[in-house]
Amino acid sequence: EAGVVQSPRYKIIEKKQPVAFWCNPISGHNTLYWYLQNLGQGPELLIRYENEEAVDDSQLPKDRFSAERLKGVDSTLKIQPAELGDSAVYLCASSSLGGSTGELFFGEGSRLTVL
Amino acid sequence: QKEVEQNSGPLSVPEGAIASLNCTYSDRGSQSFFWYRQYSGKSPELIMFIYSNGDKEDGRFTAQLNKASQYVSLLIRDSQPSDSATYLCAVKASGTYKYIFGTGTRLKVLA
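A few points on the structure. Just so it is clear, the model here is predicted, and its values are computed rather than measured.

Cut-offs used in this document
Residues numbered from 1 in each chain as written. Chains lettered and ligands numbered in written order. Predicted model: local features only at pLDDT ≥ 70, side-chain atom pairs only at ≥ 80, totals over all residues. Heavy atoms only, no water. Pairing = 2+ DSSP bridges. Helix = DSSP H or I, 4+ residues; strand = E, 2+ residues; numbered from the N terminus. Axes fitted to C-alpha atoms, helices over the stretch in contact; angles between N-to-C directions. Salt bridge = Lys/Arg side-chain N within 4 Å of Asp/Glu carboxyl O. 1 Å grid on protein atoms, 1.4 Å probe; cavity = no way out; pocket = protein on both sides within 12 Å on 5 of 7 lines; lining within 4 Å. Points joined across faces, edges and corners; volume = space filled by probe spheres on them. Nonpolar A, V, L, I, M, F, W, Y, C, P; charged D, E, K, R; others polar. Core = buried A, V, L, I, M, F, W, Y, C linked by side-chain atoms within 4.5 Å. Buried < 20%, exposed > 50% of the residue type's maximum accessible area, 1.4 Å probe, protein only. Contact = heavy atoms within 4.5 Å.

A few words now on the sheet that holds strand 1 (residues 5–7) of chain A. All names here are of chain A. Taken together, four strands build an open sheet; the order of strands is 1-3-8-7 and the sheet is antiparallel. Edge positions in the sheet fall to strand 1 and strand 7 (65–68), since each of these pairs with one other strand and no more. For this sheet, the mean angle separating the axes of adjacent strands, direction not counted, is 15 degrees. Examined bridge by bridge, strand 7 and strand 8 (residues 75–79) share four bridges and lie antiparallel to one another. Its bridge partner being in strand 8, Ala67 is matched across the sheet by Leu77.

As structure tokens, this is what we get:
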């Protein structure tokens, strides 16, 4: 079974440019999370989806960040325009609401560098 | 006060020793607790979860939960250099599927 797939793995852009990250969760997982992880810190939740509904986006900086999960499967996280402070790893995770352990399965992450 | 607190370390232990990692949380209603291991440049992977007070053992790993004191710990017996990583404590908020992570404790096992 394929794990959570993210792309691109690495992205280098200049400030004020747009960037988008894509995530394909594990098949059948109805809950999808986007986390931001700065160096030396733990993951911080940006947005959580249950199916196609964003049920928790309180930590998403909506002036420049947007996300969508069309058809309740793949998801895209966009930043426009990017700022220097956005340099971080963007992690996508998925889980099954009916899963026995409540485990989150993470993708490899997308590392963003803003110059 | 942060919702989930961990000592950032590094925690250095000699090979073969017991490594003890601690985590405290603020939401008294939290029900589920997780330990993730994250190697440098890699994504977090689950190594233990615990729901009930007491100890839970899995191989060289033991998770301990004390809800009254609001702390959860991870013991790694017979530590190996390959255990060197950052260990993230995660707490599932009560009544939701929101997971809150600590900052992680960096463990170094010295050969």
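Before going further, it helps to examine the pattern of salt bridges. Scanning the model with the defined rule gives eight salt bridges over all chains in all. Residues joined in a network through salt bridges with shared partners are A:Arg64, A:Glu83 and A:Asp86.

Attention shifts here to the layout of surface pockets. For the largest pocket, the calculated volume is near 660 Å³. For the lining of the largest pocket, the elements supplying multiple residues, two or more each, are strand 9 (88–95) and strand 11 (110–114) of chain A together with strand 9 (85–92) and strand 11 (105–110) of chain B. With four residues, the top contributor of residues to the lining of the largest pocket is strand 11 of chain A. Among the residues making up the lining of the largest pocket, the classes are represented as ten nonpolar, 19 polar and five charged. In this structure, the second largest pocket encloses a volume near 440 Å³.

Turning to the sheet that holds strand 1 (residues 4–6) of chain B, a few remarks are in order. Sheet strands associate in pairs through backbone hydrogen bonding, adopting either a parallel or an antiparallel arrangement. Residues and elements named next belong to chain B. Spatially, 1-3-8-7-6 is the arrangement adopted by the five strands of the open sheet, whose pairing is antiparallel. Edge positions in the sheet fall to strand 1 and strand 6 (54–58), since each of these pairs with one other strand and no more. Put simply, the sheet's adjacent strands are angled 20 degrees from each other on average, direction ignored. Alignment of strand 1 against strand 3 (residues 19–25), held across three bridges, turns out to be antiparallel. Within strand 3, the residue paired with Val4 across the bridge is Tyr25.

To continue, consider the nonpolar core. Core analysis: the biggest nonpolar cluster contains 24 residues, and B:Trp35, B:Val72, B:Leu74, B:Ile76 and B:Tyr87 have the highest contact counts within it. Looking at this core, the elements with two or more residues in it are strand 3, strand 4 (32–38), strand 5 (45–50), strand 7 (61–66), strand 8 (71–76), strand 9 and strand 11 of chain B. Once residues within four sequence positions are removed from consideration, B:Ile76 is found in contact with B:Ala17, B:Ile18, B:Ala19, B:Leu21, B:Arg60, B:Phe61, B:Asp83, B:Tyr87 and B:Leu107. By size, the runner-up hydrophobic cluster in this structure holds 22 residues, among which are A:Val4, A:Ile13, A:Val19 and A:Leu32.

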